[in-house]
Amino acid sequence: MNNNVVGFPRVGKLRELKFISEKYFRGEVNEQELQQVAKDLRAEHWKFQKSAGIHWIPSNDFSFYDGVLDTAVLLNVIPKKYQQLQLGETDTYFAMARGYQGEAGDVPALAMKKWFNTNYHYLVPEISDDTEIKLVGEKPFLEYQEAKQFGIQTKPVLVGPFTFLKLAKYQGTKKAEDFAGDLAKAYAEALKKLGDLGAEWIQLDEPALVQDLSAEDFELFYELYQEILAAKGTVKVLLQTYFGDIRDYYKEIVTLDFDGIGLDFVEGKQSLSLVQKYGLPKNKVLFAGLVNGKNIWKSNYETVLGALEELKAYASEIVLSTSCSLLHVPYTLQNETSLEPEVEQYFAFALEKLQELKELSVLTETDDYKVEKEYLENKELFAKERLYQNDDIKKQVADLKEEEFVRLPLRKERQKLQKEALNLPLFPTTTIGSFPQTIEVKKNRTAYRKGEIDKNAYDNRVYEFIKDCIAKQEELGIDVLVHGEYERNDMVEFFGENLEGYVFTEKAWVQSYGTRCVKPPIIFGDVKRSKPITTSYLEYAQRLTDLPVKGMLTGPVTILNWSFPREDISLKEMAYQIGIAIRSEVLDLEKAGIKIIQIDEAALKEKLPIRKSDWYSEYLDWAIPAFRLCHSGVKPETQIHTHMCYSEFNEIIHDIDNMDADVISFEASRSKLTILDAIQESNFETEVGPGVYDIHSPRVPSVEEIVEALKTMLEKIDVNKLWVNPDCGLKTRGIPETEASLKNLVQAAKILREQY
């Protein structure tokens, strides 16, 4: 059986793309050097897949920043504010991604949002009434030709036109359907051009099809593809879906003139039943997404091969495929030297998944795969009992009572008590938690990890960083301080390192956005807290100042969502295990005299099912209680904060209010404060701090800009409920821009206090 890869990681085995891009941003290398590293990476990735025996190898899955942004540039969807900078093609691209502040002007970046239910972020295309959509870019064609020079026939990948229009933001009176005709022409032209170059198959990614679709949505999809498919010529088109099933219009979609249909059989709960019920036309190839592209566990060969056997009755030709792009998993296990063999044997990263595809393809061709060595070894692995099981925490979860999820007294009463106890000014200023991770901070962490210094020496240096951070915040005039988080490398990995049941990697990096890569910890067994994690650092910070210092914790849902989860127990059980651990930490901080505790749930929406009908039964009914479990036992005077970023929360605003936090800060600047209407309409009880500037861009917001943002907020938010803060943590920013931005933020708050 042939096999297929939907997409491959792009940052490189050792994050080569990240480092060369950042050097380019700093002016340390020129564009030619940047492009050469990118070219070398693409060649390496294609050759890896070729040598692994992959039949359908993707091209144009590479990106310097984001594939949706690449598509916008390809199609001339470049807002005038960036064109007017006259920076050149590459720098205009990065201005759209990161914002620009310099001689040519001052322009913020495009909005950034979560890519469906993943921790990857895409740049939101902006389409104005005068946008002229047309094919202007060369990237897919050049990269296809690059691969051909190595003797590798690839399958060019494009973000599909329907998904592109659904993800775009419209800046005017025109809507998606008004641009459908021009967009279809551009895609038809791209297909013809790729066909003329020798492409045999082209993959069009349409994950938007797994969302709830209206009749108007399908009409838009149908209109686009009627024109595109009519002009495809000899090239074959693969409609690739992932992150769910296409239950709404499966029957109609498979009758269109696609040559292949890619379905996700991992997250697509109804994919198998849809194929069984409606079948697949004999002239179409089924690309069966049965190797999980989003998690790091080995495939269960018995399950995959059984599904393939079942599908053979309904599809005349099947290609074994990853369920989605391998962008969402680390590059390879080859870089790991410290994983226990008993643990590592369960894992498959991107390169290892290529080997799985090859082995499974071979097994499908054997007379009896159940007697083959690879099958038997895999079956034996899945029959073993895992390490790190803990009966005590299992019992604690089983014995949880309803009152452990409820905080008393009611929030309105608590807020009065907290205002008296904390005595904060109107429009209190704060930050989200982390401060810039300087070279000195990183050196200290590296020295400790390498055993060059002991824990005592490491902590003493951390305390020095904390002392400087507290002094700087007092100097800037911030009202609620943070300790800077210098003891932690990552908001999830740090907690995982201090909890039982987790295992960690050395170089298992995954792209989150642009050059930002994360190294998600792995939940391998039952999770339990055995000792305090942050208390000593927060106690020290609070002793340095009379101002309140926020305790900074990561919430159970975010720890779960930003880890690679187990597949042998439910997400709910894992969330409650982590919730019990964080509750212990919250209570210890309160005992230590910390009066404000922030429990970040940055990733609350990340695992929200794509279809609304599944929101409560499969997620919110345990995700919201898991957060409440963390803080239900604190005193009324203790103020609980939380933070969320890079998602649209309007549709679950009532559920967020039901988390029963006292204060919540939102990412808001890149989403243009769209959450304000939802806050007003829902009579939101929680005090709020919508971000007043974007920390993912190096530009410094002016005082006037922040004042204007705050005044916009005050049109929808009660004057006594508004906090002033950046979008997110400051760890990725430099010190000069951070201090300049916070100075302006404090000044803006003071101006408003005088007016109100």
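Residues numbered from 1 in each chain as written. Predicted model: local features only at pLDDT ≥ 70, side-chain atom pairs only at ≥ 80, totals over all residues. Heavy atoms only, no water.

**Quick notes on the packing of aromatic side chains**
Our working rule: Side-chain rings of Phe, Tyr and Trp (the six-membered ring for Trp) are treated as a pair once their centres are within 6.5 Å; stacked means planes under 30 degrees apart, edge-to-face means over 60, and tilted covers the remaining angles. Runs of H or I in DSSP of at least four residues are treated as helices and runs of E of at least two as strands, each being numbered from the N terminus. Throughout this description, buried means an accessible area under 20% of the type-specific maximum (1.4 Å probe, protein chains only), exposed means over 50%, and partly exposed covers the range between.
Tallying each qualifying case throughout the model produces 40 aromatic pairs. Their ring planes at 80 degrees and their centres at 5.6 Å tell us that Phe 8 and Tyr 331 sit as a pair that is edge-to-face. Taken as a pair, Phe 8 in the loop between strand 1 (3–4) and helix 1 (16–25) and Tyr 331 in the loop between strand 14 (317–322) and helix 13 (341–344) lie far apart in primary sequence, 323 residues in all. Taking the relative accessible area as the measure of exposure, Phe 8 reaches 3% and is therefore buried. A relative accessible area of 3% means that Tyr 331 is categorised as buried. Centroid distance Tyr 388 to Phe 524: 5.9 Å. Interplanar angle 75 degrees. Geometry classified as edge-to-face. Separated by 136 residues along the polypeptide, Tyr 388 in the loop between helix 15 (373–383) and helix 16 (391–398) and Phe 524 in strand 18 (residues 522–529) bring together distant segments of the chain.

**Looking at empty space enclosed by the protein**
Keep this limit in mind: A cavity here means a set of 1 Å grid points, computed over protein atoms only, where a 1.4 Å probe fits but cannot escape. A pocket is an open set with protein on both sides within 12 Å along at least 5 of 7 lines, and lining residues have an atom within 4 Å of a point. Grid points are joined across faces, edges and corners, and a volume is the space filled by probe spheres set on the points. Gly counts as polar in this scheme, as do all residues outside two lists: the nonpolar Ala, Val, Leu, Ile, Met, Phe, Trp, Tyr, Cys and Pro, and the charged Asp, Glu, Lys and Arg.
Under the counting rule described, the total for this entry stands at 6 cavities of 30 Å³ or more. The space that makes up the largest cavity amounts to roughly 370 Å³. As for the largest cavity, its lining consists of 27 residues, of which Arg 10, Gly 67, Val 157, Val 159 and Asp 205 are closest to the centre. Of all the elements in the fold, those that place two or more residues in the lining of the largest cavity are helix 3 (67–74), helix 6 (139–149) and strand 8 (154–159). Tallying contributions element by element places helix 3 first for the lining of the largest cavity, with 5 residues. Classifying every residue of the lining of the largest cavity gives 15 nonpolar, 6 polar and 6 charged. Along its surface, the second largest cavity is lined by 13 residues, and Arg 42, His 45, Trp 46, Asp 61 and Phe 62 are the ones closest to its centre. Mapped onto the lining of the second largest cavity, the elements with two or more residues apiece are helix 2 (31–51) and strand 2 (57–59). Grouping the constituent residues of the lining of the second largest cavity by class yields 5 nonpolar, 4 polar and 4 charged.

**Quick notes on the pairing of strand 19 (residues 550–554)**
Short version of the rule: Here, strands pair whenever DSSP counts at least two bridges between them.
Here strand 19 lies mainly inside the structure; 5 of its 5 residues are buried. Burial along strand 19 is two-sided: Lys 550, Met 552 and Thr 554 and Gly 551 and Leu 553, pointing in opposite directions, are all buried. Two elements, strand 19 and strand 20 (residues 596–600), share 5 bridges in a ladder whose sense is parallel. By the bridge assignment for strand 20, Thr 554 is matched with Asp 600.

**Digging into the nonpolar core**
Convention followed: Side-chain atoms within 4.5 Å are what join buried Ala, Val, Leu, Ile, Met, Phe, Trp, Tyr and Cys residues into a set we call a nonpolar core. Between two residues, a contact is recorded if the distance between any of their heavy atoms is within 4.5 Å.
In this structure, Phe 164, Phe 221 and Phe 347 are the most contacted members of the largest nonpolar core, which totals 118 residues. Among the elements that line this core, the one with the most residues is helix 8 (residues 176–197), at 10 residues. Every residue in contact with Phe 164, bar those within four places of it in the chain, is listed here: Val 68, Thr 71, Ala 72, Leu 75, Val 77, Pro 125, Ile 127, Val 159, Leu 183 and Tyr 187. Core analysis: the second largest hydrophobic core is formed by 105 residues, Leu 560, Trp 622, Ala 623 and Ile 679 among them.

**A few points about a nonpolar patch on the surface**
Quick note on the threshold: Like-charged residues are merged into a patch within 9 Å and nonpolar side chains (Val, Leu, Ile, Met, Phe, Trp, Tyr) within 5 Å, provided each residue has over 30% relative accessible area and no salt bridge. Surface accessibility in these figures is a Shrake-Rupley result with a 1.4 Å probe; residues are shielded only by whichever protein chains are displayed. Salt bridges are identified by distance alone: a Lys or Arg side-chain nitrogen within 4 Å of an Asp or Glu carboxyl oxygen.
Taken together, the side chains of Val 406, Leu 408 and Leu 410 define a hydrophobic patch exposed on the protein surface, amounting to about 300 Å² of accessible area. Locating Val 406 in the fold gives a position in the loop between helix 16 and helix 17 (411–422). For Val 406, a relative accessible area of 35% gives the class partly exposed.

**Observations regarding helix 6**
Within helix 6 the residues assigned to the buried category are Pro 140, Phe 141, Glu 143, Tyr 144, Glu 146 and Ala 147. Those residues of helix 6 that are buried are in contact with helix 2, strand 2, helix 3, strand 8 and helix 8. At the exit of helix 6 stands Gly 151, carrying a positive phi of roughly 75 degrees.

**Focus: the pattern of salt bridges**
All told, the structure shown has 54 salt bridges when counted by the stated rule. For Asp 70, the salt bridge goes to Lys 139, with nearest N and O atoms at 3.7 Å. With Asp 70 in helix 3 and Lys 139 in helix 6, this pair connects stretches of sequence that are 69 residues apart. Given a relative accessible area of 13%, Asp 70 falls into the buried group. Of the charged contacts, one joins Asp 662 and Arg 414 as a salt bridge, the two residues approaching to 3.0 Å between their closest N and O atoms.

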